Amino acid sequence: MKHVLLLVSLLCLSAREPVEWVDPFIGTTNKGVTNPGAVCPNGMASVVPYNVTGSTENRFDKDSLWWSAPYEYRNVWMTGLSHVNLSGVGCPDLGSLLLMATTGRPDVDYRSYGSRMARQQASPGYYSVELERYGVRVEATATTRCGVTRFTFPAGQANLLLNLGAGLTNESGAMARMAGECEVEGMKLLGTFCYNPQAVFPVYFVMRLSKAPARSGYWKKQRPTQGVSWQWDTDQGKYKIYSSYFKEIAGDDVGAWFSFDTQAGEQIEARIGISFVSIDNARMNLEAEAAGRSFDELHAAARGRWNADLGRIRVEGGSEAQKTVFYTALYHTLIHPNVLNDVNGQYPAMENPRIMTTEGTRYTVFSLWDTYRNVHQLLTLVYPERQAEMVRSMIGMYDEWGWTPKWELFGRETWTMEGDPSIPVIVDTWLKGVRGYDIQKAYGAFRKSAFTPGIDTPEENVLEEGEAPDSYYSLMEGGFNRMRPDNSDYMRLGYVPLRRQWDNSVSHSLEYYIADYALSLLADSLGHVEEAALLRKRSQGWRNYYDPSFGTFRPLLADGSFYSPFDPTQGMDFEPNPGFHEGCAWNYTFYVPHDVAGLCAAMGGRRRFVERLESVFDRGYYDPANEPDIAYPYLFSYFPGEEWRTQRRVTQLLEKHFTAAPDGIPGNDDAGAMSAWALFSMMGFYPDCPGKPEYTLTTPVFDRIEITLDPTYFPVGKLVIKAVRKNPDDNRIEGVSLGGRALKGRRITHERLVRAGVIEYSLKPSIK
């Protein structure tokens, strides 16, 4: 009988679908800034519990510190469900269209109408919570462009509050209009993401209720009055509730309320269609995606979509926790970029007021400084049809305003972070054989950013200490290089000099070197031999920054001398730092993935290189929560005999920093970049040089991994990764075979990988 029960248990475990391994609460604390809300793959809409404002009972409040997520796991007080959201990004925006359920007499002040949360549950496409204060159960699901919420009320007076004032965005201003007994429509202004006050955009919505309210109206926060008028204006400085006015209302802090007389256990649904084009399109999206189907049917459809996407990779072996980490990471990488076009194909054009129509899918939310390193490589391999559409979207942005995206958000360029990150993304996609877009147009766009001069006289066109940030963005409207504003220095000197105390000159140049190297590969493939040689030569400019006396990169002044005084550890933990962005010199010195051999020679040879790289980990300089150094563990494998160091470090880092717990991501997920690092590392290969179609191998976590490949792009149809262990703890690679033939070294081209069919790792005990 025991054997029978064990067999049944094992069969049940093996029968679990990938969606069942996902825990959306992973990354919702420890500054992972993910959320457990309901969303579909790459969905425009999401329904997320908003619990970062409105109560002193919360540990974190978005108005008291820099906060970029609508949800924090350790917070207890909720003020609504937001319907447009970002996941794992470093700046606050969206987190708006807040819908809250209450009971009794309506209170429209978010600082007093919130509730403690209880019995939260989350899975892909679903979220539920109980509002302790009101005895209301809340359930949410989503379609691509709609959020759907079901409320189960107690007997008495029930209320739904649509708050257009509170939210995560730094922008204000909204409009609402009653469009029928059960419907309200309107818009909310969003934007001002990451220091760019001009990157604003509207979201339009239509909310439809399943039951006609007994009473309804608006509210608006009234401005404080002065002089004698306060004597007759009893609402001055307060929230004014409108109960007999039903035309349009607008303001910085407005909302719509609906009251119902409910029986115990009565359910009321609210469905919100959104659009970034118009109210009419929001209604069209609502009708097309959410009308005529029950909540349970919509939930099942969302779950089915997630299961199909997650099921493109199937794993066997490993622990329960490792499967949860893996599939949750895959889930996180499929939240962004997002669908931007409505069901009729319309979308807002990039950086201009036109409304355009796409034939395929138009995507948005390109957090490219983060995702160019690994997320798009994952999409190219496992979801190539989607990646091709994303490349078409990026080239379309160039068509519409003359530049490829750097960090694009709903048709606005935010200028967040540095570099020229569209280049390695599109080059990598092209060189891996995923086609179906105008590569010649893309090459022209890349040449423009690579060779257009920047600010010619930087001394006269930089921000002085204390100057308003929008002065910089006014400069960006000039005729020079918007993608590489310091390109004049870069082209003339071969590096970007430090011209202000806290600029990011070294970081800028290192990103340009990587982009130029990737562009050289594309130039070669398109037959532009001389231009390829020039770009390769430019990509070697990193040598200017290397200072042998410190063994690190060091900022340079315009006259070619090194900046002094210099501390290579300054800049850790986001400390202000001359020359480097979000890191110290140690976090950037090995970030020359296109010329590891050259950096090794500059450091004095293989032994010195390996010792210095090991010291980054041993001294605690490695930052697992930010992008510049996340490929460091893979660099050991460039040297025969040292590959075991990669395998050991990657195993250690996975075990330490990626767990099946709410703090199971080491920091900001960066639109899926941290999750993608974990995914590749757990599968046993990693794209450590953006733009170059190659991978470094490491130890697979699972015994068997099967990746379904799209035969349109990769005719073999699937890739099976096997790990053969004599003992469960074996994690050092003894040998690798591709389709039964031995592989020399621990690096592999993309073409060999996708043609292999089967790649088998023979493992032995690790060196401690």
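Residues numbered from 1 in each chain as written. Predicted model: local features only at pLDDT ≥ 70, side-chain atom pairs only at ≥ 80, totals over all residues. Heavy atoms only, no water.

Side note on the side chain of Thr79
You can see Thr79 is positioned in the loop between β3 (77–78) and β4 (80–82). Aside from chain neighbours lying at most four places away, what touches Thr79 is Tyr50, Thr53, Gly54, Met100, Tyr110, Tyr113 and Gly114. (Helix = DSSP H or I, 4+ residues; strand = E, 2+ residues; numbered from the N terminus. Contact = heavy atoms within 4.5 Å.)

Section: the sheet that holds strand β36 (residues 758–764)
As summarised here, the arrangement of the six strands in space is β19-β31-β32-β36-β33-β34, forming an open sheet in which the pairing is mixed. The sheet is open, and its two borders are formed by β19 (313–316) and β34 (741–742), each paired with just one other strand. Strand direction decides the pairing type here: β19 and strand β31 (residues 704–708), joined by four bridges, are antiparallel. Across the sheet, residue Glu316 finds its bridge partner in β31, namely Arg704. (Pairing = 2+ DSSP bridges.)

Side note on unusual backbone geometry
Note the cis peptide between His336 and Pro337, where omega equals -10°. Among the secondary structure elements, Pro337 is positioned in the loop between α4 (320–333) and β20 (338–339). Cis geometry is adopted by the peptide bond preceding Pro565, which originates at Ser564 and carries an omega value of -10°. Within the secondary structure, Pro565 is located in the loop between β28 (552–553) and α14 (585–588).

Concerning the pattern of salt bridges
Counting across every chain of the model gives 52 salt bridges. In this structure, Asp595 engages Arg543 in a salt bridge whose closest nitrogen and oxygen atoms are separated by 3.3 Å. Residue Asp595 is found in the loop between α14 and α15 (596–602), and its partner Arg543 is found in the loop between α13 (529–538) and β27 (546–547); the two are separated by 52 residues along the sequence. Here the residues in one salt-bridge network are Arg177, Glu183, Glu185, Arg208, Glu248, Arg283 and Glu287, joined through shared partners. (Salt bridge = Lys/Arg side-chain N within 4 Å of Asp/Glu carboxyl O.)

Quick notes on the state of the cysteines
Counting across every chain of the model gives one disulfide. Between the sulfur atoms of Cys91 and its disulfide mate Cys194 the distance is 1.6 Å. Where Cys91 bonds to Cys194 through sulfur, the torsion about that S-S bond is close to 80°, and the disulfide is right-handed. Residue Cys91 is found in the loop between β4 and β5 (98–103), and its partner Cys194 is found in the loop between β12 (183–191) and β13 (200–209); the two are separated by 103 residues along the sequence. For the residue pair Cys91 and Cys194, the accessibility class agrees, reading buried in each case. The thiol of Cys600 is unpaired, and the distance to the nearest cysteine sulfur, on Cys689, comes to 16 Å. (Disulfide = S-S within 2.5 Å. Buried < 20%, exposed > 50% of the residue type's maximum accessible area, 1.4 Å probe, protein only.)

Here we look at the sheet that holds strand β7 (residues 126–131)
Spatially, β3-β6-β7-β8-β9-β18-β13-β12-β11-β16 is the arrangement adopted by the 10 strands of the open sheet, whose pairing is antiparallel. In this open sheet, the two edge strands, each paired with only one partner strand, are β3 and β16 (249–251). Where strand β8 (residues 136–142) lies against strand β9 (residues 146–153), six bridges are found, and the strand directions are antiparallel. Residue Ala142 lies in a different strand from β9, and its bridge partner there is Gly147. Of the strands in this sheet, β9, β11 (174–180), β12, β13 and β18 (266–275) are in contact with helix α2 (residues 279–290), which crosses β13 at around 50°. With respect to the sheet, helix α3 (residues 295–310) is in contact with β6 (115–123), β7, β8, β9 and β18, its orientation differing from that of β8 by roughly 50°. (Axes fitted to C-alpha atoms, helices over the stretch in contact; angles between N-to-C directions.)

As for the side chain of Thr416
Among the structural elements, Thr416 can be located in the loop between β26 (412–413) and α8 (422–431). Classification of Thr416 by relative accessible area gives buried; the value is 8%. At 2.7 Å, the side chain of Thr416 forms a polar contact with the side chain of Thr414. Apart from residues no more than four positions distant in its own chain, Thr416 is found in contact with Phe193, Cys194, Lys406 and Trp407. (Polar contact = N/O pair within 3.5 Å; in protein donor to acceptor, adjacent residues only side chain to side chain.)

Some words on the layout of surface pockets
Taken as a whole, the second largest pocket holds about 640 Å³ of empty space. Taken together, 28 residues form the lining of the second largest pocket, with Gln322, Thr651, Glu655, Val701 and Asn731 sitting closest to its centre. Elements with a contribution of two residues or more to the lining of the second largest pocket: α4 and α17 (643–657). At six residues, the largest contribution of residues to the lining of the second largest pocket is made by α17. Residues that form the lining of the second largest pocket fall into these classes: 11 nonpolar, 10 polar and seven charged. (1 Å grid on protein atoms, 1.4 Å probe; cavity = no way out; pocket = protein on both sides within 12 Å on 5 of 7 lines; lining within 4 Å. Points joined across faces, edges and corners; volume = space filled by probe spheres on them. Nonpolar A, V, L, I, M, F, W, Y, C, P; charged D, E, K, R; others polar.)

Thoughts on α17
With 15 residues, α17 ought to run about 21 Å at 1.5 Å a step, and its terminal C-alpha atoms sit 21 Å apart, in line with that. Among the residues of α17, Glu643, Trp644, Arg645, Thr646, Gln647, Arg648, Arg649, Val650, Thr651, Leu653, Leu654 and His657 are the ones counted as buried. (Expected span 1.5 Å × (residues − 1).)

Topic: the confidence of the model for the protein
When pLDDT is averaged along the protein, the result is 93, and 94% of the positions lie at 70 or above. The low-confidence segment residues 4–13 (pLDDT under 50) makes two contacts with residues lying over four places distant or belonging to another chain. (pLDDT = per-residue confidence, 0-100.)

Observations regarding the nonpolar core
Phe553, Phe590, Phe609, Trp677, Phe685 and Ile707 are the most contacted members of the largest nonpolar core, which totals 138 residues. Here this core gets 10 residues from one element, more than from any other, and that element is helix α12 (residues 505–525). Of all hydrophobic cores here, the second largest spans 79 residues; its members include Phe60, Met100, Leu162 and Ala166. (Core = buried A, V, L, I, M, F, W, Y, C linked by side-chain atoms within 4.5 Å.)

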